[in-house]
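Structure assessment
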Amino acid sequence: MKAVRYYSKLGNTKTIAESIAEGVGVSAVSIADEAELKEPVDILFLGGAPYANIMAPELRAYAEKLRPELVGKVVLFTTSNWSRRTVLALKKELKKKGIPVEEDYFYAHMLHINGRVQAAREFGARYRG
Ligand SMILES: Cc1cc2nc3c(=O)[nH]c(=O)nc-3n(C[C@H](O)[C@H](O)[C@H](O)COP(=O)(O)O)c2cc1C
């Protein structure tokens, strides 16, 4: 069982989340629509973006209350203008909780979202099955 969850204010991360989800063969769900992961998953794809140097408080709260017993491992993704700190900060938080995080993550620059859709699908497809 795999799941894709994301937080997106402007739609960039949503597009990437949906593309990764397509590759994986699941639906992407915004954490604004589902505040907590309810079912156990082998892999949770989790993504967001930085706003004025920090991830959205909603995303941080989601990561903080994620239950380690529900998640086999997390694969991260992010979109931004330049910074990858959302990935670094989530990695730190999740590892602190004892949730394994894949070293590899998916990044898309905010000006090249459409150009990264196919790569995001392929990234997701690596974890299909
Ligand atoms: C208010 C605001 C602040 C931002 N601050 C940063 C930042 O500090 N570093 C960065 O790399 N990108 C920054 N960005 C760019 C966003 O991270 C980027 O547009 C991202 O793709 C937005 O994701 P979303 O469309 O899923 O909300 C900022 C964008 C906005 C609107």
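See the structure shown above.
Residues numbered from 1 in each chain as written. Predicted model: local features only at pLDDT ≥ 70, side-chain atom pairs only at ≥ 80, totals over all residues. Heavy atoms only, no water.

**Focus: the packing of helix α2 (residues 57-65) against helix α3 (residues 85-96)**
- Where α2 meets α3, the closest approach of the two axes is 9 Å, and the angle between their N-to-C directions is 25 degrees. Taken together, α2 and α3 sit at an angle that is classed as roughly parallel. Read as a crossing pair, α2 and α3 show a hand that is right-handed. Here L59, R60, A63 and E64 of α2 come into contact with α3, specifically with T86, A89, L90, E93 and L94.
- In terms of residue class, the contact of α2 with α3 is built from five nonpolar, one polar and three charged. (Axes fitted to C-alpha atoms, helices over the stretch in contact; angles between N-to-C directions. Helix = DSSP H or I, 4+ residues; strand = E, 2+ residues; numbered from the N terminus. Parallel < 35°, antiparallel > 145°, perpendicular 65-115°, else oblique. Left-handed = near helix turned anticlockwise from the far one by under 90°. Contact = heavy atoms within 4.5 Å. Nonpolar A, V, L, I, M, F, W, Y, C, P; charged D, E, K, R; others polar.)

**So, the site of the ligand**
- Around the ligand lies a shell of 17 residues, among which S8, T13, P50, Y51 and T79 are the nearest.
- The separation between an oxygen atom of the ligand and a polar main-chain atom of L10 is 2.7 Å.
- Protein chains shield 80% of the accessible area of the ligand, which is 640 Å² for the free molecule.
- Among the elements of the structure, α1 (12-24), β4 (50-51) and β6 (71-80) are those that each provide at least two residues to the shell around the ligand. (Near = heavy atom within 4 Å. Polar contact = N/O pair within 3.5 Å; in protein donor to acceptor, adjacent residues only side chain to side chain. Areas by Shrake-Rupley, 256 points an atom, 1.4 Å probe, with all protein chains shown as cover.)

**What about the pattern of salt bridges?**
- Enumeration over the complete set of coordinates arrives at eleven salt bridges.
- Here E64 makes a salt bridge to R60, at a shortest N to O gap of 3.8 Å. With E64 and R60 both in helix α2, this residue pair falls four residues apart, about one helical turn.
- Take R60: its relative accessible area is 32%, and that puts it in the partly exposed class.
- The structure contains a network of salt bridges with shared partners spanning R60, E64, E93 and K96. (Salt bridge = Lys/Arg side-chain N within 4 Å of Asp/Glu carboxyl O. Buried < 20%, exposed > 50% of the residue type's maximum accessible area, 1.4 Å probe, protein only.)

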